[in-house]
Structures are given as structure tokens and as C-alpha cells.
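Structural overview
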Amino acid sequence: MILKSNLGKGEKALEKATTLIPLSKSDKVLLSKIEQEAGTDINLCYQCGKCSAGCPAGFAMDYKPREIIRLLQLDMLDKALNAESIWICATCETCSARCPRGVDIASLMDALRREALKQGRITDKKVANFNKAFLGTVKRFGRTYEPGILLYHNATTMQPFKDAGLGLPMMKRGKMEIFPGKIKGKDEVKQIFIRASELGGEE
Amino acid sequence: MKLAYYPGCSLGGTAIEYHLSTKKTAEILGIELEEIDDWNCCGATSAHNTDKLLSLALPARNLAIAEQTGLDVLAPCAACYNRFRATEHTVREDAVMKERIEKVINMPYEATNKTISALEWLVEGIGLDKIKEKVTSPLAGMKVASYYGCLLVRPSAYTGFDDVENPQSMDDIMTALGATAVDWAFKSECCGAALATSRPDIGSKMVFNILKNAQEAGADCIVTACPLCMMNLDMRQASAEKAANEKIDMPIYYVTELLAIAAGVSPNEVGVNKHFVEANKYLDAVAAERARLELEAEKAKAEEAAKAEKGAKPELPPEELEKKVAAMVKGFEKNPDKMASRLIEDEERAAILAEIIVEDAKKVTKLAELMITDKEKAAKAADAYVTGELRKREKANQ
């Protein structure tokens with residue numbers, strides 16, 4: 001009896017099994033570039049799971065931090081870049097602080113996020129949209145402009161009334177500027193955006 | 001002491017209380033703050049999510065401007081502080097990246113100055129003893145959970161400040177202000193940061209867990225040094241409660257607000273009335289409790305003083321009393337008239353007392369004892385003896 005049920009489990013597991021395919025040359029280069037940018041080595045990880053146990057957002061992730069590293073160790077870069085987890089990570093750095101092998105997991109998540117963005121694979125549009133809205137106002141005014149961020153974020157994520165109830169109370173408390181505050185050096189800041197993107201392209 | 005001041009975007013808007021209370025705290029502690037000229041946004045999480053070079057260049061422009069003044073930078077916002085520290089670290093450690101950053105900002109930047117957080121400023125720059133000196137209205141009875149969040153202590157390679165898992169600096173400040181800092185498990189747990197806006201389904205759970213743990217640890221309020229933590233714990237407390245279907249109702253304060261209030265500044269002067277979760281009532285309760293404790297202490301002091309006065313004539317130990325009584329008895333035996341006149345003014349009655357003394361040794365001992373312990377009682381007893389003797393004599397005459 002016991003043997004049979006174990007066999008059943010094993011068969012089920014086999015159904016989920018994946019054939020591992022080694023990375024192509026170009027993807028190998030890409031993975032090592034990601035590691036370099038993150039300043040960390042994924043092969044140091046021995047899968048203890050301390051990062052995942054302490055992750056405050058782990059409950060909402062499709063792949064826990066440990067699993068993201070395992071995907072990379074098994075050449076499954078594609079799956080890692082498509083994971084929702086990399087957009088849920090809030091960069092709180094608890095994982096990096098606790099890793100007994102010194103793997104900078106938070107920095108790795110950051111690098112994966114940037115690569116996914118570059119490739120246009122955005123699993124969580126809401127987070128990516130928020131970032132775009134945020135940086136859009138900085139590029140334009142030199143500083144953030146919260147009403148602008150919220151309006152853009154709401155419009156592009158099709159949730160027009162999100163946080164609408166907070167707008168008036170915030171204004172009443174003097175916590176939200178009605179007009180964007182522009183700085184004298186806003187053109188300098190705009191140039192920073194332009195040059196950073198140009199230099200980033202040189203790599 | 002003079003510092004370059006980087007308020008950052010939050011302190012001009014959502015975290016206006018942090019701006020007001022930081023300036024007030026500087027004024028109280030005698031620190032001059034010079035706002036960085038024409039500062040720009042640090043890029044926060046959105047920049048390092050998007051482009052590494054951009055995320056280092058945006059802080060670098062501010063730091064390069066501040067470097068020209070030769071001042072260290074105070075960045076109260078934990079997110080700005082963290083990005084500034086990351087930039088300094090990179091510029092010092094990575095020559096290639098330094099060159100690229102300078103190219104992007106079109107300015108020289110050597111990272112000779114350094115950025116400090118509000119906690120580093122208060123604990124390391126000012127010191128707890130100096131803070132204690134400024135406390136005029138101690139936060140007695142306040143039970144507070146010190147919430148550090150992520151960015152003030154992590155990663156330690158950038159910050160090198162306090163302990164990553166169990167930081168103490170803010171707890172120490174709270175103790176210096178007279179409050180009781182509770183021990184709790186979520187002091188460096190993440191509040192969810194921008195997830196509260198972009199993914200409230202996840203963010204509100206993270207916020208609720210923090211509030212709940214503080215409550216379970218016995219705290220009545222939370223203190224923070226980060227505008228994003230404040231925004232999530234305060235402004236989004238209602239939606240976190242709604243999602244969890246449980247009311248917590250916990251006021252949240254900035255560390256600088258509480259410092260200013262403990263130094264006698266009125267709560268609304270540092271913006272406590274701008275919070276979303278009502279935060280004045282608890283401060284009133286703390287003030288009332290302080291008044292009650294002070295009154296109690298005064299009463300206890302007065303009682304102590306009264307006791308001390310009473311005890312000024314301490315009772316003599318038995319051996320010494322015996323000695324003195326014996327000496328007094330001798331005096332009575334040697335010179336009964338003189339002793340009698342010391343007890344009774346009236347000459348006739350004094351003479352009668354002298355006669356009693358000579359005859360009655362028991363009465364002599366009693367009078368001698370009373371003269372040492374209580375002269376008034378001795379006089380009364382002597383008078384009673386005389387009255388008794390006179391009555392006796394009258395009876396005998398009849």
C-alpha cells in the first residue's frame with residue numbers, strides 16, 4: 001500500500017519534471033554580466049533557504065529568492081527573468097544581510113529586474129509603471145511630483161480611482177503640492193538621464 | 001557644528017512633519033543646517049530598479065554640490081540616505097564607475113564628505129548625554145516600539161551603522177527621552193516600501209504584520225526615522241486594517257518629533273496634527289501621566305521630608321537612656337529642692353514636691369525618666385504628685 005502511494009507521488013513529480021537545457025553562448029555571457037553587475041556569484045549558494053525564510057514579501061512570490069538562484073544555477077535564466085518575484089522584491093536586503101555564503105541576493109534581484117526591463121519582459125506591469133511614472137517626473141522637473149506620479153500610474157494601470165480618497169486629505173495637510181516644484185538645474189538633471197542612458201548603451 | 005542638509009522630495013510633501021521636526025531638533029541642539037543648493041531627487045528605488053548608472057548619478061550631483069562646501073550631509077530620509085551611501089561607496093571603491101558617474105553629472109566628485117542619517121546624527125554626532133540635557137518634558141510612561149525598517153541599517157557594507165538584526169540606537173534615544181522602548185521582533189522588518197502603492201495586495205499585509213507585532217509586544221505607539229515607513233504605517237494604516245479586518249489604531253511618530261516634544265516644543269509646531277492616524281491624544285495622555293507621576297513624586301518627597309524632621313530627635317538606645325536616668329536620679333537625691341524647682345514654678349508646691357522626692361524612690365525614677373524623654377510630661381507628672389500629696393494631707397487633717 002505504502003509503496004503504491006509513494007509511486008503515485010513519484011509519477012506526479014515526473015509529470016512536472018523539466019529537461020534541463022544548457023544556456024546558449026550568448027545567454028551564458030548575459031548571466032555572467034548580470035552576476036557582475038550584481039557583484040555576486042550565484043554558485044556560492046548552497047540552497048539553505050535562509051533568504052527565503054526571512055523574506056517579508058516571500059508569501060506573495062511565485063519563486064522564493066532561493067528558487068530564483070536555483071533557476072540560475074540550473075541555466076533556467078528565462079524562467080528567472082519571467083518570474084513575478086523579481087518585481088515583488090522590495091530590496092529590503094534582509095536576504096543579503098543573512099546569507100551565510102555572502103551572496104548579495106537583493107542586488108541580484110535588482111540586476112535581474114533591470115535586465116527584464118531592458119528585454120521588455122515585465123511580469124508585473126504595476127511596479128514597472130510606477131517606476132516609469134516616478135522617473136518621468138524627476139526627468140522633467142528635477143524632483144518628484146506626487147500627483148503626477150499617481151495620475152500617470154493610475155492611468156497606465158487602468159485603475160483611475162486608486163488612492164483617490166487620499167488626495168484631498170493629503171492636500172488639506174499640506175502634504176501634496178498642487179503644482180510641481182521645478183529646480184533651476186532641471187536641464188542638468190535631464191542631461192544626467194540622457195548621458196546615463198547613452199553610457200549604458202556603450203556597454 | 002554645521003551640516004549640509006538634504007531634505008529630499010518626501011520632506012517637502014508627504015513627510016513635511018519630518019522636515020519641521022528635523023529643523024526644530026537642530027535648533028534645540030544648536031546645529032546649523034545649510035540646505036544643499038538646488039538639490040535634485042535621489043532617484044530612490046525606481047532609479048536602481050531601472051538603471052544602475054542613473055541610480056548613482058542622481059545622488060552624485062547633490063553630493064558633488066555639497067562637497068564643494070566641505071560639509072558632511074544630513075539626509076533624514078532613509079531612502080535618500082541609503083542611495084547616497086551607495087553612491088559614496090561606489091565612488092570610493094570603483095574607479096571605473098567613478099569616472100562614468102563624473103562624466104554623467106559633468107562635475108568632479110571625490111566622495112571626501114560623507115552622508116549621515118538622522119539616527120547617526122543624534123547618537124554619534126550629538127550623543128545621548130547632550131540629548132538628555134535638553135529634555136524638559138520627559139515622555140514618562142510612553143510605551144514605544146522603535147521601528148528602523150530596512151534602509152537605515154542595511155546593507156552594513158554601506159552604512160556600517162548599528163546592528164543589522166537588532167539595532168538599538170533609536171531605542172536608546174527613546175530611553176534618553178524618558179520613554180519605555182519595548183522589545184519586539186519587527187524592528188528591522190520591511191514595510192513594503194513602494195509596494196503599498198504599486199501592489200497594495202502585498203504591501204498592506206506587510207504593514208499590518210508590523211503594526212500587529214508592535215501591539216502584541218505591548219507598545220502604544222511606533223517611532224520611525226523614515227518617511228516611507230511613516231507613509232505606509234500612518235497613511236496606509238486604515239487600508240491595512242481594512243484588508244486584515246482588524247483595528248489597530250496606533251499613532252506613529254518621527255524620532256525628531258518626539259525629541260522636540262520632550263524638549264518642550266508643542267506637538268503641532270512639529271506637525272503632529274498632520275498625521276493620518278490621530279496622534280495628539282496619546283501625547284496628551286502621556287503628558288497627563290507625567291503630571292500625575294510628578295505630583296506623586298512630589299508627595300512622596302514631602303512625606304519623606306516630614307519623616308526626616310520627626311526623626312531628627314532619634315530615640316536613645318536603652319543603655320544610654322539607663323545611664324542618663326541614673327544620673328538624673330542622682331541629681332534628685334543630691335539636690336531635691338533644686339530639681340523640684342525645675343519642674344514646678346510655684347515655690348510652695350515645689351517645696352512639697354521636694355518632700356515627696358525624698359520619701360518616694362519610685363516617683364523619683366519615674367520623674368527622672370520623663371525629664372529625659374519628655375520634659376512637659378515630667379512637669380505634668382510632678383504637678384499631679386503634688387496635687388495627690390495635698391489631697392492626702394487634707395484627708396489626714398480631717
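In the block above lies the structure referred to throughout.
Notes on the structure follow. (Residues numbered from 1 in each chain as written. Chains lettered and ligands numbered in written order. Predicted model: local features only at pLDDT ≥ 70, side-chain atom pairs only at ≥ 80, totals over all residues.)

1. Observations concerning the overall build of chain A
Rules: The way it works is that DSSP assigns letters per residue, a run of H or I at least four long becomes a helix, a run of E at least two long becomes a strand, and they are numbered from the N terminus. Whether a residue is buried, exposed or partly exposed is read from the other C-beta atoms within 10 Å of its own C-beta, which are placed from the backbone; 20 or more gives buried, 12 or fewer gives exposed, and intermediate counts give partly exposed. Residue pairs are scored as contacts if the distance between their C-beta atoms, which are placed from the backbone, is within 7 Å.
If you tally the helices and strands in chain A, you get twelve helices and zero strands. Moving toward the C terminus, one meets the helices and strands of chain A in the order α-α-α-α-α-α-α-α-α-α-α-α. Here chain A holds 203 residues, and the buried ones make up 35% of them. Excluding contacts between residues fewer than 6 apart, the proportion of contacts in chain A whose partners are at least 24 apart in sequence is 64%.

2. Thoughts on helix α1 (residues 16–29) of chain B
All names here are of chain B. As a reminder, the rule being used: Multiply 1.5 Å by the residue count of a helix minus one, and that product is the helix's expected span.
With 14 residues, α1 ought to run about 20 Å at 1.5 Å a step, and its terminal C-alpha atoms sit 20 Å apart, in line with that. Extensive coverage of α1 is indicated by the burial of ten of its 14 residues. Of the residues making up α1, those classed as buried are E17, Y18, H19, L20, S21, T22, K23, K24, T25 and A26. Packing partners of the buried residues in α1 comprise β2 (32–35), α6 (118–126), α12 (227–235), β8 (252–254) and α14 (255–262). A positive phi of about 70° marks G30, the residue just after α1.

3. Some words on the interface of chain A and chain B
Let me state the cut-off plainly: Residues are sorted three ways: Asp, Glu, Lys and Arg are charged, Ala, Val, Leu, Ile, Met, Phe, Trp, Tyr, Cys and Pro are nonpolar, and all the rest, Gly among them, are polar.
Opposite the 45 residues of chain A that make contact, chain B presents 45 residues. Within the residue set of the side of chain A that touches chain B, elements represented by two or more residues are α7 (94–98), α8 (105–118), α9 (125–141), α11 (164–172) and α12 (186–202) of chain A. Broken down by class, the residue content of the side of chain A that touches chain B amounts to 22 nonpolar, ten polar and 13 charged.

4. So, the pairing of strand β5 (residues 143–147) of chain B
Every regular strand shows the same layout, with side chains that alternate between the two sheet faces. Residues and elements named next belong to chain B. Under the convention used in this document: Between any two strands, pairing holds if DSSP finds at least two bridges.
Burial analysis of β5 places four of its five residues in the buried class, which makes it a mostly covered element. Note: β5 against strand β6 (residues 180–181), two bridges, orientation parallel. Following the sheet pairing, V144 is matched in β6 by A181. Two strands pair when backbone bridges link them, and β5 and strand β7 (residues 221–224) are joined in this way by four bridges, in the parallel orientation. Across the sheet, residue S146 finds its bridge partner in β7, namely V223.

5. Concerning the nonpolar core
Residues and elements named next belong to chain B. Here is the rule we go by: Any set of buried Ala, Val, Leu, Ile, Met, Phe, Trp, Tyr and Cys residues joined through C-beta atoms within 7 Å is what this text calls a nonpolar core.
With 155 residues, the main nonpolar core has A57, V144, I222 and V223 as its most contacted residues. Looking at which element gives the most residues to this core, the answer is helix α3 (residues 52–69), with ten residues. In this structure V144 touches M174, A179, A181, V182, A219, C221, I222 and V223, once residues within four positions along its chain are discounted. Listed in part, the 18 residues of the second largest apolar core include V325, A340, V364 and V386.

6. Some remarks on the environment of T14(B)
Topologically, T14(B) is positioned in the loop between β1 (2–5) and α1. Under the C-beta neighbour-count criterion, T14(B) is labelled buried, with 22 such atoms within 10 Å. Taking the C-alpha atoms as reference, T14(B) lies 9.5 Å from K274(B); in sequence the two are 260 residues apart. The contact partners of T14(B), leaving out residues within four places of it in the chain, are K175(A), P227(B) and M231(B).

7. Quick notes on unusual backbone geometry
A positive phi is found at T91(A), a non-glycine position, where the angle reads about 55°. Judged by the 22 C-beta atoms lying within 10 Å of it, T91(A) falls in the buried class.

8. A short note on the sheet that holds strand β4 (residues 115–116) of chain B
Two orientations exist for strands paired in a sheet by backbone hydrogen bonds: parallel and antiparallel. Residue and element names in this part refer to chain B. What the four strands build is an open sheet, ordered β2-β1-β3-β4; its pairing is parallel. Two strands in the sheet have a free side with no partner beyond their single neighbour: β2 and β4. Sheet analysis places β1 next to strand β3 (residues 73–74), joined by two bridges and oriented parallel. In the sheet register, A4 faces β3, and the bridge partner there is V73.

9. Side note on the packing of α3(B) against helix α5 (residues 95–105) of chain B
All names here are of chain B. Here is the rule: In this analysis, axes come from line fits to C-alpha atoms, helices being fitted only over the stretch in contact, and the angle between any two N-to-C directions falls in the range 0 to 180 degrees. Convention used here: angles under 35 degrees read as roughly parallel, angles over 145 as roughly antiparallel, angles from 65 to 115 as roughly perpendicular, and any remaining angle as oblique. Handedness of a crossing follows from how the near helix is turned relative to the far one, being left-handed for an anticlockwise turn of less than a right angle and right-handed for a clockwise one.
Two numbers describe how α3 lies on α5: the axes approach to 9 Å, and their chain directions differ by 70°. The angle between the axes of α3 and α5 places the two elements in the roughly perpendicular class. Once α3 is placed against α5, the crossing between them reads as right-handed. Packed against α3, whose contacting residues are L53, L56, A57, A60, R61 and A64, the element α5 presents M97, R100, I101, V104 and I105 at the interface. Split by residue class, the contact of α3 with α5 holds nine nonpolar, no polar and two charged.

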